[in-house]
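# Survey of secondary and tertiary structure
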Amino acid sequence: MIIGVPKEIKNMEFRVGMTPQGVEEMIKHGHRVYVQKTAGEGSGFSDAEYEAVGATMLDTNKEVYDIAEMIVKVKEPIEPEYELIHEGQVLFTYFHFAADRALTEAMVKAKPICIAYETVRAKDGTLPLLIPMSEVAGRMAIQNGAHFLEKTFGGKGIVLGGVPGVKPAKVLVLGGGRVGSAAARVAAGMGADVTVADKSLPCLRHLAETMPANVKTLYASTANIKAELPTVDLVIGSVLIPGDVTPHLITKDMLKIMQPGSVLVDVAIDQGGCFETSHPTKHTDPVYVVDGIVHYAVANIPGAAPRTSTFALSNATLPYALQIADKGWKKAVQENADLVPGVNMVNGDITFKPVADCFGYEYKELVLD
């Protein structure tokens, strides 16, 4: 198969869809790999490293899209890329369709095979291609939250872990999954007073048994969340419904009961966001203030740590990409049930029900014969 790795063009996105090591594996399997020049530079990979393992370097993303049977990316295509995608081409990347009508409509029109990292699901119910970026995002959410709690950026002007004689900050983590648990561990390690809220009692039991002593658990009812907000300093929104829009756990009215200078970090912004007042921001302009509350809602948080993120993502995606390349997408999906929910769209038909329902499209069951 002919594999294409274009350079990411989303604002401040420095990750790359495949490392030189991944390209080398593809070539060992008999595939041809075309990489756009400088695609890996943001993650610390030179063109020479790709060429050394057998990749062919192309000048433009158009050349890559024109020649490739499968495109391996990190982020969803954005508007300048829509016209480059052609019918029947396999796109293997994050999509987050439910949060982006324009992208959904563009892919319906272009008719590629859209296999979304975020909805590939293992037999145990985990999301193996979302986990590595969730772990990075959870850790970075606390780093960023602590940064924007500084008075310079409109925060309360407090240190997350406190100091002797001064209480630590109170951190509320909404969602106890991969993002939330990673965030809670980092916040706890910094000395914060941490509460993790979730609706899954098995999840809360697991967290209670495995988290440090300064992490408490809470059932995520609206009443319980509202009771925490008047004294909380930092809230991490990390709730995920795979492939669907995230519910708003903090409404605009709830901001009025929070202390000015409190910080909301919305890690779920790719799927619409946990907070009613969230809208996507960029690394170059990451925060804004609503009713005195600082909002951080960067849609590609791991993009700021591209070296770590690219290695972590490639470790997870490469085995699946090899299966698709070796067998063709249909046979790969037939033989690996993990990939079935990952197929969100086929030749203009939406084959992932939450996306179809979100925008009123007809849902078409995936047919692999």
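Just so it is clear, the structure is predicted and the values come from calculations on it, not from any experiment.

### A look at the packing of aromatic side chains
Considering all chains together, one arrives at seven aromatic pairs under this definition. Summarising the aromatic geometry, the rings of F45 and F311 are spaced 5.4 Å apart at their centres and angled 85° between planes, so their arrangement reads as edge-to-face. A residue pair is termed long-range when its members are at least 10 positions apart, and F45 in the loop between β2 (32-36) and α2 (47-52) and F311 in helix α10 (residues 306-327) qualify at 266 residues. Here F45 falls in the buried class, since its relative accessible area comes to 2%.

### Focus on the pairing of strand β7 (residues 170-174)
Where burial is concerned, most of β7 is hidden: four out of the five residues are buried. Two strands pair when backbone bridges link them, and β7 and strand β8 (residues 193-198) are joined in this way by five bridges, in the parallel orientation. Residue K170 lies in a different strand from β8, and its bridge partner there is D193. This β-α-β element, β7 to helix α7 (residues 178-189) to β8, shows right-handed connectivity. Pairing of β7 with strand β10 (residues 234-237), which is carried by four bridges, proceeds in the parallel orientation. Residue V171 lies in a different strand from β10, and its bridge partner there is L234.

### Re helix α8 (residues 201-210)
Along α8, the positions that sit buried rather than exposed are C203, L204 and L207. Down the axis of α8, the smallest arc covering the buried residues is 95°, so these residues share one side. Exposed and facing more than 90 degrees away from the buried side of α8 are P202, R205, A208 and E209. Buried residues along α8 sit against α7, β8 and β9 (215-219). The N-cap residue of α8 is S200: its side-chain oxygen and the backbone nitrogen of C203 are 3.2 Å apart.

Cut-off values and rules
- Residues numbered from 1 in each chain as written.
- Predicted model: local features only at pLDDT ≥ 70, side-chain atom pairs only at ≥ 80, totals over all residues.
- Heavy atoms only, no water.
- Phe/Tyr/Trp six-rings, centres within 6.5 Å; stacked < 30°, edge-to-face > 60°.
- Helix = DSSP H or I, 4+ residues; strand = E, 2+ residues; numbered from the N terminus.
- Buried < 20%, exposed > 50% of the residue type's maximum accessible area, 1.4 Å probe, protein only.
- Pairing = 2+ DSSP bridges.
- Right-handed = clockwise from strand over helix to strand, strands pointing away.
- Arc of directions from axis to C-beta.
- Contact = heavy atoms within 4.5 Å.
- Polar contact = N/O pair within 3.5 Å; in protein donor to acceptor, adjacent residues only side chain to side chain.

These figures come from the coordinates and say nothing about function on their own.
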